[in-house]
Amino acid sequence: MDPFDLPDLDPVPRLLLGPGPSPVHPRVMRAMAAPVVGHLDPQFLQLLDETRALLQFVFQTRNELTLTVSGTGTAGMEAALANLIEPGDAVLVGVNGYFGGRVADMAVRYGAEVRTLERPWGEVFDPAEFETALRQRPARVVVLIHAETSTGALQPGLADIARIVHEHGGLLVLDCVTSLGGLPVEVDAWGIDIAYSGTQKCLACPPGLAPVTVSTRARQAIQRRKTKTANWYLDLSAIERYWGPEHVYHHTAPISLHYGLREGLRLIVGEGLEARFARHRANAERLWAGLEAMGLALHVPVAHRLPSLTTVRVPVGVDEAAVRRRLLNDYHIEVGAGLGALKGQVWRIGLMGYGSQRQNVTLLLSALAEVLGR
Ligand SMILES: Cc1ncc(COP(=O)(O)O)c(C=O)c1O
């Protein structure tokens, strides 16, 4: 490879039906081609105000502290934990998949005394389990994954869990990376204290920004910290001063990604939340019916199945990696492999944002039928 004689970059377009990133809406791509202006340009500062209002709509919240942090979904996770946790704090994490495990590992690094509530991968928690766990030992922060992308399970009962956490004096953090913009995330109605997400799933944008919203209760907890937030880049109090009326420089905002997110959120407003959720649900149900008609088994029972991400059991005797390779090479369709405890056992099929379309379901089902010879 001669680095001074490289061809133009020309990746083959793929149909992204894996766990993310998901297909980017063409209107988002167009918005991202707009001229880059400065991060303190009044035009851009106005865009931040617009983005806050759009995010409040999608998160279904009136939280004033609603913004994005620069980075992928993990930056949202890191912002939530870094800003809430002080060394020695008790943190309870629901672990029923890979991302709950990531949260627990991260909380330890911020000095928390971490306890986990565990469930087999693919199952969800009963609110009563939190009552029992918190009665045994209170936790200042409780963290849950709303949509576990590693298992395809959707955590129900969040309003009940939030009530229990609050009764025990804690704060509830919810990972909405694979739910925001594709299924209901009712931050105020449920009583979530910090919710975070990523742009590359149901928001139909490229990866790179993490929306975050913080309740008044959590904001006060952050303001009352005795120690400085142990992450300079993701210090929400400092980022808030950039988004707020003072517009104090913190770091250079990724301008083009913000253009894209604004457009992605505008698309959601245009479609309407209910219509968007119904679309995600209807296409997921088409996919589930088609997979089952092919004789494939779905990993998660329908009651807790996530519309945005489906885990399909790999049939005995089938080389799961070879199937994914053929889908990619022969049909330009990307689906995901199993992660962690489900490695080698499932495929992960995402129908997120712009990817959640009827024709994509039909294409994937027929490609899979050809590859599997069913
Ligand atoms: C539920 C969940 N949380 C967190 C993340 C981390 O997001 P990212 O990979 O964008 O940093 C992901 C990514 O897939 C996810 O699915």
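These figures come from a predicted structure and were not determined experimentally. (Residues numbered from 1 in each chain as written. Predicted model: local features only at pLDDT ≥ 70, side-chain atom pairs only at ≥ 80, totals over all residues. Heavy atoms only, no water.)

### Describing the packing of helix α2 (residues 42-59) against helix α10 (residues 255-271)
Note the cut-off: Lines fitted to C-alpha atoms define the axes here, with helix axes fitted over just the stretch in contact, and angles between the N-to-C directions of these axes take values from 0 to 180 degrees. Elements are defined by DSSP. Helices are runs of H or I of four residues or more, strands are runs of E of two residues or more, and each kind is numbered from the N terminus. Orientation labels follow simple angle bins: below 35 degrees gives roughly parallel, above 145 gives roughly antiparallel, 65 to 115 gives roughly perpendicular, and whatever is left gives oblique. Each crossing gets its handedness from the near helix: less than a right angle anticlockwise from the far helix is left-handed, clockwise is right-handed. Note on contacts: a residue pair qualifies if any of its non-hydrogen atoms lie within 4.5 Å across the two residues. Note on residue classes: Ala, Val, Leu, Ile, Met, Phe, Trp, Tyr, Cys and Pro are nonpolar, Asp, Glu, Lys and Arg are charged, and everything else, Gly too, is polar.
Relative to each other, α2 and α10 sit at 40°, their axes nearing to 10 Å. With respect to their mutual orientation, α2 and α10 come out oblique. Where α2 crosses over α10, the two elements pack in a sense that is left-handed. Taking contact as the criterion, the partners of Phe 44, Leu 47, Leu 48, Glu 50, Thr 51, Leu 54, Leu 55, Phe 57 and Val 58 in α2 are, on α10, Ile 255, His 258, Tyr 259, Leu 261, Arg 262, Leu 265, Arg 266, Ile 268 and Val 269. When its residues are assigned to classes, the contact of α2 with α10 shows 13 nonpolar, two polar and three charged.

### As for the site of the ligand
For the record, the criterion: Being near a molecule or strand, for a residue, comes down to having at least one heavy atom within 4 Å of it. Pairing of N or O atoms within 3.5 Å defines a polar contact, subject to two protein rules: one partner must be a possible hydrogen donor and the other a possible acceptor, and residues neighboring in sequence count only if both atoms are side-chain atoms. In short, Shrake-Rupley with a 1.4 Å probe defines the accessible areas, and a residue's cover is counted only from the protein chains shown.
Near the ligand you find 14 residues, and of these Thr 72, Thr 74, Thr 149, Gln 200 and Lys 201 are the closest. Within the side chain of Thr 74, one N or O atom sits 2.4 Å away from an oxygen atom of the ligand. Between Thr 149 and the ligand, the recorded distance is 2.3 Å, taken from a side-chain N or O atom to an oxygen atom. In isolation the ligand has 390 Å² of accessible area, and contact with the protein removes 87% of it.

### Some details on the sheet that holds strand β5 (residues 141-145)
Selection rule: At least two DSSP bridges between two strands are needed for those strands to be called paired.
Ordered by their spatial adjacency, seven strands build an open sheet running β2-β10-β9-β8-β5-β3-β4, and the pairing between neighbours is mixed. Among the strands making up the open sheet, the edge pair consists of β2 (65-70) and β4 (113-118). Taken pair by pair, the neighbouring strands of this sheet meet at an average axis angle of 20°, ignoring direction. In this sheet, strand β10 (residues 209-214) lies alongside strand β9 (residues 194-196) in antiparallel orientation, the contact comprising three bridges. Looking at the pairing, Ala 195 lines up with Thr 213 of β10. Sheet contacts for helix α4 (residues 98-109): β3 (90-95), β4, β5 and β9; angle to β3, the most-contacted strand, approximately 165°. Helix α8 (residues 216-223) rests against β2, β8 (171-175), β9 and β10 of the sheet, and its axis sits at about 95° to β10.

### Observations concerning unusual backbone geometry
Here the bond from Gly 20 into Pro 21 is cis, since omega is 5°, no more than 30 degrees from zero. Its place among the elements puts Pro 21 in the loop between β1 (15-16) and α1 (26-32). In this structure, His 247 takes a positive phi of about 50° despite not being glycine. Relative to the elements of secondary structure, His 247 occurs in the loop between α9 (236-243) and α10. Residue His 332 is not a glycine yet carries a positive backbone phi of 55°. With respect to the helices and strands, His 332 occurs in the loop between α12 (320-331) and β12 (333-334).

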